[in-house]
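Below are the chains, spelled out letter by letter.
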Amino acid sequence: MTRPDTRALAARGLAEVALRGTSLREVMERSAPKLADPRDRALLMALLSEGARWWLRFEAAIDGLLEKPLRHKDPAVHALLVLGLVQLEILELQDYAAVAATVDAVRALKRPQLAGLVNAVLRRWQREREALLAKLDDRPQTRHAHPAWLATALQRDWPQQADSVMRADNREPPLMLRVNRQRGERASLIDQLQAAGHAATAHPWLADALVLPHSTDVTRLPGFEDGQFAVQDGAAQVAADLADLGDGLRVLDACAAPGGKACHLLERAGIDLTALEFEPTRAERIRQNLMRLRLNAKVLIGDAGAPKSWWKGQLFDRILIDAPCSASGVLRRRPDVRLHRRESDIAALQLQQHRILAALWPLLAPGGRLVYITCSWLRAENETIVGEMLAAHADAQAVAFTLPDGQPAATGWQILPGDGDLDGMYYAVLQKQP
(Lines give C-alpha, C1' and ligand atoms only; values in the text may rest on other atoms or scores of the structure.)
Protein backbone atom coordinates (compact mmCIF):
# COMPACT_ATOMS: atom_id res chain seq x y z
CA MET A 1 0.00 0.00 0.00
CA THR A 2 1.37 3.42 -1.01
CA ARG A 3 2.17 5.73 1.90
CA PRO A 4 0.03 8.90 1.61
CA ASP A 5 1.85 12.17 1.05
CA THR A 6 1.13 14.28 4.15
CA ARG A 7 1.18 17.61 2.34
CA ALA A 8 -1.05 16.38 -0.46
CA LEU A 9 -3.50 15.01 2.09
CA ALA A 10 -3.44 18.35 3.92
CA ALA A 11 -3.97 20.27 0.68
CA ARG A 12 -7.05 18.25 -0.23
CA GLY A 13 -8.44 18.72 3.25
CA LEU A 14 -7.70 22.44 3.39
CA ALA A 15 -9.40 22.96 0.02
CA GLU A 16 -12.52 21.35 1.47
CA VAL A 17 -12.39 23.58 4.54
CA ALA A 18 -11.65 26.87 2.80
CA LEU A 19 -13.48 26.45 -0.50
CA ARG A 20 -16.33 24.04 0.25
CA GLY A 21 -17.27 24.90 3.83
CA THR A 22 -16.36 21.56 5.43
CA SER A 23 -15.50 21.81 9.12
CA LEU A 24 -11.85 21.57 10.10
CA ARG A 25 -12.69 19.02 12.76
CA GLU A 26 -14.42 16.74 10.25
CA VAL A 27 -11.46 16.89 7.86
CA MET A 28 -8.97 16.19 10.66
CA GLU A 29 -10.94 13.23 11.98
CA ARG A 30 -11.23 11.75 8.49
CA SER A 31 -7.65 12.40 7.37
CA ALA A 32 -5.51 11.60 10.43
CA PRO A 33 -6.18 7.82 10.46
CA LYS A 34 -4.71 7.59 6.96
CA LEU A 35 -1.24 8.30 8.37
CA ALA A 36 0.46 5.61 10.43
CA ASP A 37 3.42 7.64 11.69
CA PRO A 38 2.58 9.97 14.63
CA ARG A 39 5.04 12.54 13.23
CA ASP A 40 3.12 12.62 9.94
CA ARG A 41 -0.16 13.02 11.81
CA ALA A 42 1.28 15.89 13.85
CA LEU A 43 2.45 17.63 10.66
CA LEU A 44 -0.96 17.08 9.06
CA MET A 45 -2.75 18.65 12.03
CA ALA A 46 -0.37 21.61 12.03
CA LEU A 47 -0.79 22.17 8.29
CA LEU A 48 -4.58 21.99 8.45
CA SER A 49 -4.91 24.16 11.54
CA GLU A 50 -2.42 26.83 10.49
CA GLY A 51 -3.61 26.65 6.89
CA ALA A 52 -7.13 27.53 7.99
CA ARG A 53 -5.86 30.16 10.43
CA TRP A 54 -3.73 31.96 7.85
CA TRP A 55 -5.72 31.25 4.69
CA LEU A 56 -7.01 34.79 4.27
CA ARG A 57 -3.47 36.17 4.45
CA PHE A 58 -1.63 33.79 2.19
CA GLU A 59 -4.41 33.19 -0.33
CA ALA A 60 -4.26 36.90 -1.07
CA ALA A 61 -0.50 36.52 -1.63
CA ILE A 62 -0.98 33.54 -3.95
CA ASP A 63 -3.48 35.50 -6.03
CA GLY A 64 -0.82 38.16 -6.55
CA LEU A 65 1.79 35.59 -7.60
CA LEU A 66 -0.32 33.83 -10.24
CA GLU A 67 -1.34 35.10 -13.65
CA LYS A 68 -4.43 32.87 -13.61
CA PRO A 69 -6.11 31.74 -10.37
CA LEU A 70 -6.20 28.03 -9.57
CA ARG A 71 -8.85 27.89 -6.85
CA HIS A 72 -11.63 26.69 -9.14
CA LYS A 73 -9.68 24.66 -11.69
CA ASP A 74 -7.28 23.00 -9.22
CA PRO A 75 -8.48 23.74 -5.68
CA ALA A 76 -6.11 21.26 -4.02
CA VAL A 77 -3.08 22.78 -5.78
CA HIS A 78 -4.31 26.25 -4.83
CA ALA A 79 -4.50 25.09 -1.20
CA LEU A 80 -1.07 23.47 -1.51
CA LEU A 81 0.43 26.81 -2.53
CA VAL A 82 -1.12 28.41 0.55
CA LEU A 83 0.40 25.60 2.63
CA GLY A 84 3.77 26.24 1.01
CA LEU A 85 3.74 29.77 2.45
CA VAL A 86 2.43 28.50 5.78
CA GLN A 87 5.39 26.13 6.01
CA LEU A 88 7.85 28.92 5.23
CA GLU A 89 6.34 31.72 7.31
CA ILE A 90 4.37 30.11 10.17
CA LEU A 91 5.81 26.65 10.78
CA GLU A 92 9.26 28.00 9.82
CA LEU A 93 10.37 24.77 8.20
CA GLN A 94 13.72 24.74 6.46
CA ASP A 95 13.30 26.59 3.16
CA TYR A 96 14.72 23.94 0.86
CA ALA A 97 12.85 21.08 2.51
CA ALA A 98 9.53 22.95 2.55
CA VAL A 99 9.75 23.91 -1.13
CA ALA A 100 10.97 20.51 -2.31
CA ALA A 101 8.35 18.60 -0.30
CA THR A 102 5.58 20.89 -1.55
CA VAL A 103 6.64 20.34 -5.17
CA ASP A 104 6.66 16.57 -4.53
CA ALA A 105 3.11 16.89 -3.17
CA VAL A 106 1.95 18.32 -6.52
CA ARG A 107 2.93 15.04 -8.10
CA ALA A 108 1.12 13.13 -5.33
CA LEU A 109 -1.97 15.16 -6.26
CA LYS A 110 -1.55 13.77 -9.79
CA ARG A 111 -0.88 17.20 -11.25
CA PRO A 112 2.80 16.80 -12.25
CA GLN A 113 2.43 19.38 -15.02
CA LEU A 114 2.01 22.04 -12.30
CA ALA A 115 5.16 21.11 -10.37
CA GLY A 116 7.21 23.77 -12.17
CA LEU A 117 4.58 26.43 -11.49
CA VAL A 118 4.46 25.60 -7.77
CA ASN A 119 8.25 25.67 -7.56
CA ALA A 120 8.38 29.03 -9.38
CA VAL A 121 5.72 30.62 -7.15
CA LEU A 122 7.45 29.55 -3.93
CA ARG A 123 10.85 30.65 -5.20
CA ARG A 124 9.44 34.04 -6.20
CA TRP A 125 7.96 34.40 -2.73
CA GLN A 126 11.37 33.81 -1.25
CA ARG A 127 12.98 36.39 -3.53
CA GLU A 128 10.32 39.09 -3.01
CA ARG A 129 9.35 38.15 0.52
CA GLU A 130 9.83 41.48 2.28
CA ALA A 131 7.89 43.51 -0.28
CA LEU A 132 5.08 40.95 -0.45
CA LEU A 133 4.73 40.78 3.34
CA ALA A 134 4.64 44.57 3.55
CA LYS A 135 1.79 44.64 1.05
CA LEU A 136 -0.17 42.07 3.07
CA ASP A 137 0.41 44.05 6.25
CA ASP A 138 -1.24 47.14 4.75
CA ARG A 139 -4.75 45.85 5.48
CA PRO A 140 -6.03 44.47 8.81
CA GLN A 141 -7.78 41.54 7.17
CA THR A 142 -4.63 40.29 5.45
CA ARG A 143 -2.28 41.38 8.24
CA HIS A 144 -4.22 39.32 10.78
CA ALA A 145 -5.99 36.87 8.41
CA HIS A 146 -9.48 37.96 9.50
CA PRO A 147 -12.42 38.54 7.16
CA ALA A 148 -12.95 42.24 6.44
CA TRP A 149 -16.41 42.33 8.02
CA LEU A 150 -15.12 40.83 11.27
CA ALA A 151 -12.13 43.17 11.43
CA THR A 152 -14.51 46.11 10.90
CA ALA A 153 -16.91 44.86 13.60
CA LEU A 154 -14.05 44.44 16.05
CA GLN A 155 -12.81 47.96 15.39
CA ARG A 156 -16.36 49.22 15.96
CA ASP A 157 -17.13 47.23 19.13
CA TRP A 158 -13.71 47.14 20.80
CA PRO A 159 -11.51 49.76 19.09
CA GLN A 160 -8.84 49.89 21.80
CA GLN A 161 -8.40 46.11 21.85
CA ALA A 162 -8.93 45.27 18.15
CA ASP A 163 -5.32 44.60 17.20
CA SER A 164 -4.56 42.64 20.38
CA VAL A 165 -7.63 40.45 19.85
CA MET A 166 -6.66 39.59 16.29
CA ARG A 167 -3.10 38.84 17.38
CA ALA A 168 -4.45 36.56 20.11
CA ASP A 169 -6.61 34.74 17.55
CA ASN A 170 -3.42 33.80 15.70
CA ARG A 171 -1.47 32.41 18.66
CA GLU A 172 -1.50 28.79 19.78
CA PRO A 173 -3.71 28.61 22.88
CA PRO A 174 -2.56 26.73 25.97
CA LEU A 175 -4.22 23.44 26.85
CA MET A 176 -6.53 23.97 29.81
CA LEU A 177 -7.95 21.17 31.89
CA ARG A 178 -10.66 21.12 34.57
CA VAL A 179 -10.18 18.85 37.54
CA ASN A 180 -13.21 16.73 38.40
CA ARG A 181 -13.80 17.50 42.09
CA GLN A 182 -15.85 14.33 42.43
CA ARG A 183 -12.82 12.24 41.46
CA GLY A 184 -9.86 14.01 43.05
CA GLU A 185 -8.06 17.24 43.87
CA ARG A 186 -6.28 19.65 41.56
CA ALA A 187 -2.97 19.54 43.44
CA SER A 188 -2.87 15.76 43.19
CA LEU A 189 -3.61 15.82 39.45
CA ILE A 190 -0.88 18.41 38.90
CA ASP A 191 1.58 16.15 40.73
CA GLN A 192 0.60 13.22 38.49
CA LEU A 193 1.01 15.26 35.33
CA GLN A 194 4.34 16.72 36.38
CA ALA A 195 5.63 13.25 37.32
CA ALA A 196 4.75 12.16 33.77
CA GLY A 197 6.79 15.02 32.33
CA HIS A 198 4.04 17.58 31.67
CA ALA A 199 4.53 21.21 32.76
CA ALA A 200 1.12 21.52 34.43
CA THR A 201 0.38 24.51 36.65
CA ALA A 202 -2.66 25.72 38.58
CA HIS A 203 -4.61 28.57 37.00
CA PRO A 204 -4.13 31.74 39.07
CA TRP A 205 -7.82 32.42 39.79
CA LEU A 206 -9.98 29.61 38.44
CA ALA A 207 -10.38 27.09 41.23
CA ASP A 208 -10.64 23.97 39.06
CA ALA A 209 -8.40 24.91 36.13
CA LEU A 210 -4.87 23.81 35.33
CA VAL A 211 -2.77 24.82 32.36
CA LEU A 212 -0.37 23.00 30.05
CA PRO A 213 1.60 25.18 27.64
CA HIS A 214 0.98 23.07 24.53
CA SER A 215 -1.63 20.75 23.09
CA THR A 216 -1.11 17.04 23.49
CA ASP A 217 -3.06 13.80 23.18
CA VAL A 218 -5.16 14.14 26.34
CA THR A 219 -6.27 10.51 26.18
CA ARG A 220 -2.69 9.56 27.09
CA LEU A 221 -2.50 11.84 30.12
CA PRO A 222 -2.65 10.24 33.57
CA GLY A 223 -6.15 10.40 35.00
CA PHE A 224 -8.03 10.61 31.69
CA GLU A 225 -9.48 7.10 31.72
CA ASP A 226 -10.42 7.50 35.40
CA GLY A 227 -12.41 10.65 34.68
CA GLN A 228 -10.18 12.84 36.83
CA PHE A 229 -10.31 15.77 34.41
CA ALA A 230 -11.88 17.22 31.29
CA VAL A 231 -10.55 19.58 28.64
CA GLN A 232 -12.17 23.01 28.97
CA ASP A 233 -10.86 26.52 28.40
CA GLY A 234 -10.74 28.66 31.49
CA ALA A 235 -13.26 31.19 30.19
CA ALA A 236 -15.88 28.44 29.95
CA GLN A 237 -15.15 27.37 33.54
CA VAL A 238 -16.46 30.71 34.83
CA ALA A 239 -20.04 29.46 34.35
CA ALA A 240 -19.97 27.23 37.42
CA ASP A 241 -18.95 30.17 39.62
CA LEU A 242 -21.65 32.46 38.28
CA ALA A 243 -24.36 29.82 38.69
CA ASP A 244 -24.07 30.13 42.50
CA LEU A 245 -24.90 26.46 43.07
CA GLY A 246 -26.07 24.61 46.14
CA ASP A 247 -27.07 21.02 46.83
CA GLY A 248 -30.60 20.08 45.84
CA LEU A 249 -31.15 22.78 43.22
CA ARG A 250 -32.95 22.00 39.97
CA VAL A 251 -30.75 23.16 37.10
CA LEU A 252 -31.28 23.36 33.34
CA ASP A 253 -28.32 23.53 30.98
CA ALA A 254 -29.85 24.55 27.67
CA CYS A 255 -27.88 24.10 24.42
CA ALA A 256 -25.68 21.79 26.49
CA ALA A 257 -23.50 19.88 24.00
CA PRO A 258 -20.78 18.75 24.25
CA GLY A 259 -21.48 18.85 27.98
CA GLY A 260 -18.47 20.63 29.43
CA LYS A 261 -20.42 23.16 31.46
CA ALA A 262 -23.06 20.61 32.48
CA CYS A 263 -20.38 18.29 33.85
CA HIS A 264 -18.68 21.14 35.68
CA LEU A 265 -21.95 22.06 37.40
CA LEU A 266 -22.40 18.44 38.50
CA GLU A 267 -18.85 18.34 39.83
CA ARG A 268 -19.53 21.40 41.97
CA ALA A 269 -22.72 20.41 43.83
CA GLY A 270 -25.33 17.70 44.32
CA ILE A 271 -27.85 19.12 41.86
CA ASP A 272 -30.69 17.73 39.78
CA LEU A 273 -29.50 18.66 36.31
CA THR A 274 -31.23 18.47 32.95
CA ALA A 275 -28.98 18.81 29.92
CA LEU A 276 -30.92 19.85 26.83
CA GLU A 277 -29.61 19.57 23.28
CA PHE A 278 -31.32 19.96 19.91
CA GLU A 279 -29.10 17.64 17.84
CA PRO A 280 -29.28 13.91 18.75
CA THR A 281 -25.68 13.25 17.68
CA ARG A 282 -24.43 16.10 19.88
CA ALA A 283 -26.59 14.85 22.76
CA GLU A 284 -24.70 11.58 22.53
CA ARG A 285 -21.47 13.46 23.19
CA ILE A 286 -22.98 14.76 26.44
CA ARG A 287 -23.75 11.19 27.50
CA GLN A 288 -20.21 10.07 26.66
CA ASN A 289 -18.69 12.86 28.75
CA LEU A 290 -21.01 12.13 31.66
CA MET A 291 -20.06 8.47 31.54
CA ARG A 292 -16.30 9.08 31.46
CA LEU A 293 -16.49 11.55 34.35
CA ARG A 294 -18.83 9.26 36.36
CA LEU A 295 -21.59 11.87 36.57
CA ASN A 296 -25.37 11.63 36.25
CA ALA A 297 -27.84 13.94 34.54
CA LYS A 298 -31.04 13.75 32.56
CA VAL A 299 -30.19 14.30 28.88
CA LEU A 300 -33.09 15.51 26.75
CA ILE A 301 -33.28 16.12 23.02
CA GLY A 302 -35.33 19.20 22.27
CA ASP A 303 -35.48 22.82 21.16
CA ALA A 304 -34.61 25.28 23.92
CA GLY A 305 -36.83 27.82 22.20
CA ALA A 306 -39.90 25.52 22.27
CA PRO A 307 -40.13 24.06 25.80
CA LYS A 308 -43.67 22.70 25.40
CA SER A 309 -42.23 19.64 23.65
CA TRP A 310 -39.97 18.62 26.57
CA TRP A 311 -40.75 20.60 29.74
CA LYS A 312 -42.84 18.81 32.39
CA GLY A 313 -43.95 21.92 34.26
CA GLN A 314 -41.55 22.05 37.22
CA LEU A 315 -39.60 25.31 37.52
CA PHE A 316 -35.81 25.44 37.59
CA ASP A 317 -33.74 27.19 40.25
CA ARG A 318 -30.91 27.83 37.81
CA ILE A 319 -30.84 28.05 34.02
CA LEU A 320 -27.67 28.14 31.95
CA ILE A 321 -27.99 29.31 28.35
CA ASP A 322 -24.86 28.82 26.25
CA ALA A 323 -26.53 30.46 23.29
CA PRO A 324 -25.86 29.71 19.61
CA CYS A 325 -23.58 32.50 18.40
CA SER A 326 -20.99 33.59 15.87
CA ALA A 327 -18.13 31.91 17.80
CA SER A 328 -16.07 35.05 17.18
CA GLY A 329 -14.41 34.56 20.57
CA VAL A 330 -12.88 31.17 19.83
CA LEU A 331 -11.09 31.71 16.51
CA ARG A 332 -7.77 30.65 18.03
CA ARG A 333 -9.21 27.19 18.77
CA ARG A 334 -11.53 27.01 15.75
CA PRO A 335 -9.67 28.84 12.98
CA ASP A 336 -12.07 27.63 10.29
CA VAL A 337 -14.85 29.79 11.78
CA ARG A 338 -13.24 32.85 10.18
CA LEU A 339 -13.65 31.16 6.78
CA HIS A 340 -17.23 30.00 7.27
CA ARG A 341 -18.99 32.70 9.29
CA ARG A 342 -20.67 35.49 7.32
CA GLU A 343 -21.87 38.92 8.45
CA SER A 344 -25.33 37.96 7.22
CA ASP A 345 -25.43 35.14 9.81
CA ILE A 346 -25.62 37.52 12.75
CA ALA A 347 -29.25 38.59 12.34
CA ALA A 348 -30.43 34.97 12.30
CA LEU A 349 -28.34 34.19 15.38
CA GLN A 350 -29.85 37.18 17.19
CA LEU A 351 -33.33 35.84 16.48
CA GLN A 352 -32.30 32.49 17.99
CA GLN A 353 -30.84 34.17 21.06
CA HIS A 354 -33.99 36.24 21.61
CA ARG A 355 -36.22 33.23 21.07
CA ILE A 356 -34.37 31.00 23.54
CA LEU A 357 -34.15 33.66 26.25
CA ALA A 358 -37.82 34.53 25.95
CA ALA A 359 -38.89 30.88 25.98
CA LEU A 360 -36.81 29.86 28.99
CA TRP A 361 -37.34 32.85 31.27
CA PRO A 362 -40.83 31.63 32.32
CA LEU A 363 -39.25 28.31 33.36
CA LEU A 364 -37.11 30.01 36.03
CA ALA A 365 -38.41 29.95 39.58
CA PRO A 366 -38.86 33.26 41.47
CA GLY A 367 -35.55 34.10 43.11
CA GLY A 368 -33.77 31.90 40.57
CA ARG A 369 -30.74 32.81 38.50
CA LEU A 370 -30.21 32.63 34.72
CA VAL A 371 -26.68 32.73 33.29
CA TYR A 372 -26.51 33.84 29.65
CA ILE A 373 -23.29 32.97 27.80
CA THR A 374 -21.87 33.34 24.32
CA CYS A 375 -18.40 32.60 22.96
CA SER A 376 -18.60 35.91 21.11
CA TRP A 377 -17.36 39.46 21.52
CA LEU A 378 -19.96 40.97 19.17
CA ARG A 379 -22.03 43.41 21.22
CA ALA A 380 -25.02 42.63 19.00
CA GLU A 381 -25.07 39.07 20.38
CA ASN A 382 -24.34 40.02 23.97
CA GLU A 383 -25.37 43.12 25.90
CA THR A 384 -27.79 44.10 23.13
CA ILE A 385 -29.70 40.84 23.56
CA VAL A 386 -29.57 40.98 27.37
CA GLY A 387 -30.54 44.66 27.42
CA GLU A 388 -33.64 44.00 25.35
CA MET A 389 -34.48 41.05 27.62
CA LEU A 390 -34.25 43.25 30.72
CA ALA A 391 -36.40 45.93 29.09
CA ALA A 392 -39.09 43.38 28.22
CA HIS A 393 -39.32 41.69 31.64
CA ALA A 394 -39.98 43.76 34.73
CA ASP A 395 -39.16 40.79 36.97
CA ALA A 396 -35.63 40.45 35.55
CA GLN A 397 -32.72 42.13 37.29
CA ALA A 398 -29.06 42.08 36.22
CA VAL A 399 -26.62 40.80 38.84
CA ALA A 400 -23.41 42.84 38.94
CA PHE A 401 -20.10 40.96 39.12
CA THR A 402 -16.47 41.33 38.11
CA LEU A 403 -13.80 38.87 37.03
CA PRO A 404 -10.00 39.12 37.34
CA ASP A 405 -9.64 39.17 33.54
CA GLY A 406 -11.70 40.96 30.92
CA GLN A 407 -13.76 44.11 31.11
CA PRO A 408 -17.29 45.21 32.00
CA ALA A 409 -19.89 45.31 29.25
CA ALA A 410 -23.01 47.50 29.29
CA THR A 411 -24.59 44.56 31.10
CA GLY A 412 -22.47 41.64 32.25
CA TRP A 413 -18.80 40.95 31.59
CA GLN A 414 -16.73 40.42 28.46
CA ILE A 415 -13.57 38.34 28.27
CA LEU A 416 -11.88 39.12 24.97
CA PRO A 417 -9.63 36.58 23.22
CA GLY A 418 -6.24 36.68 24.89
CA ASP A 419 -7.40 38.31 28.15
CA GLY A 420 -5.52 36.22 30.70
CA ASP A 421 -4.70 33.89 27.79
CA LEU A 422 -8.36 32.82 27.75
CA ASP A 423 -10.87 32.38 24.95
CA GLY A 424 -13.34 35.16 24.26
CA MET A 425 -16.59 34.78 26.19
CA TYR A 426 -19.47 36.94 27.36
CA TYR A 427 -21.44 36.41 30.56
CA ALA A 428 -24.55 38.01 32.00
CA VAL A 429 -26.41 36.93 35.15
CA LEU A 430 -30.13 37.66 35.52
CA GLN A 431 -32.08 37.22 38.74
CA LYS A 432 -35.85 36.69 38.74
CA GLN A 433 -37.56 38.85 41.34
CA PRO A 434 -39.81 36.97 43.82
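Details of the structure are given in the entry above.
Every chain is numbered on its own, with residues counted from 1 as its sequence reads. Only residues with pLDDT of at least 70 are given local features in this predicted model, and only at 80 or more are side-chain atom pairs given and counted; all residues enter the totals for whole chains, interfaces and linings. With hydrogens and water stripped out, all remaining heavy atoms of the structure feed into the side-chain values.

Some thoughts on the overall build of the chain
Rules: Runs of E in the DSSP output that reach at least two residues are strands. Runs of H or I that reach at least four are helices, and both are numbered from the N terminus. Note on areas: Shrake-Rupley with a 1.4 Å probe; residue coverage comes only from the protein chains shown.
For the chain, the helix and strand inventory stands at 17 helices and 13 strands. Each principal axis of the C-alpha distribution contributes one length, and for the chain these read about 75 × 45 × 40 Å. Put simply, the chain shows about 19,000 Å² of open surface, and 51% of that area lies on carbon and sulfur atoms.

Let's talk about the nonpolar core
Filter applied, for reference: The nonpolar core is taken to be a set of buried Ala, Val, Leu, Ile, Met, Phe, Trp, Tyr and Cys residues, with the residues joined through side-chain atoms within 4.5 Å. With a 1.4 Å probe rolled over the protein chains alone, any residue whose accessible area is under 20% of its type maximum counts as buried; one over 50% counts as exposed, and the rest are partly exposed. Any two residues whose heavy atoms approach within 4.5 Å are treated as being in contact.
Within the largest apolar cluster, 61 residues are counted, with the highest numbers of intra-cluster contacts made by Leu-265, Ile-271, Leu-273, Trp-377 and Tyr-427. Looking at this core, the element that brings in the most residues is helix 12 (residues 234-242), giving six residues. Setting aside its immediate chain neighbours within four residues, Ile-271 contacts Leu-245, Gly-246, Gly-248, Leu-249, Val-251, Leu-265 and Leu-266. Formed by 52 residues, the second largest nonpolar core is a distinct cluster that contains Ala-32, Leu-35, Val-86 and Leu-109.

Things to note about the pairing of strand 13 (residues 425-432)
Applied cut-off: Should DSSP find at least two bridges between two strands, the strands are regarded as paired.
Counting buried positions over the eight residues of strand 13 gives seven, a clear majority of the element. Relative to strand 13, strand 9 (residues 364-374) runs antiparallel, the two sharing six bridges. When the sheet's bridge partners are listed, Val-371 is paired in strand 13 with Val-429. Relative to strand 13, strand 10 (residues 396-398) runs antiparallel, the two being bridged by three bridges. By the bridge assignment, Ala-398 is partnered in strand 13 with Leu-430.

Section: the state of the cysteines
Joining two cysteines, a disulfide is a covalent bond between their sulfur atoms. Heads up, the condition is: The rule for a disulfide is simple: a pair of cysteine sulfur atoms within 2.5 Å.
Considering all chains together, one arrives at zero disulfides under this definition. With no disulfide of its own, Cys-255 lies 10 Å from the sulfur of Cys-325, the closest cysteine sulfur. Accessibility expressed as a relative area gives 18% for Cys-255, which makes it buried. Cys-325 carries a free sulfur, and the closest cysteine sulfur to it, the one in Cys-375, is 3.5 Å from it.

With respect to the packing of aromatic side chains
Our working rule: Stacked, edge-to-face and tilted are the three classes for Phe, Tyr and Trp ring pairs, Trp counted by its six-membered ring, which pair at centre distances within 6.5 Å; planes under 30 degrees apart are stacked, over 60 edge-to-face, the rest tilted. A ring is considered to have a charge above it if a Lys NZ or an Arg CZ atom is located within 6 Å of its centre and within 35 degrees of its normal.
Applying the stated criterion across every chain, the model contains four aromatic pairs. Plain terms: the ring middles of Phe-58 and Trp-125 are 6.2 Å apart, the flat faces sit at 85° to each other, and that makes the pair edge-to-face. Note that Phe-58 is positioned in helix 3 (residues 38-65) and Trp-125 in helix 6 (residues 115-127), a separation of 67 residues in sequence. With respect to burial, Phe-58 and Trp-125 carry one shared label: buried. When the centroid spacing of 5.9 Å and the interplanar angle of 55° are considered together, the rings of Phe-224 and Phe-229 count as tilted. A relative accessible area of 14% places Phe-224 in the buried class. Among the aromatic side chains, those forming a connected cluster through ring pairs are Trp-54, Phe-58 and Trp-125. Positioned above the aromatic ring of Phe-224, the side-chain terminus of Arg-292 is 4.1 Å from the ring centre.

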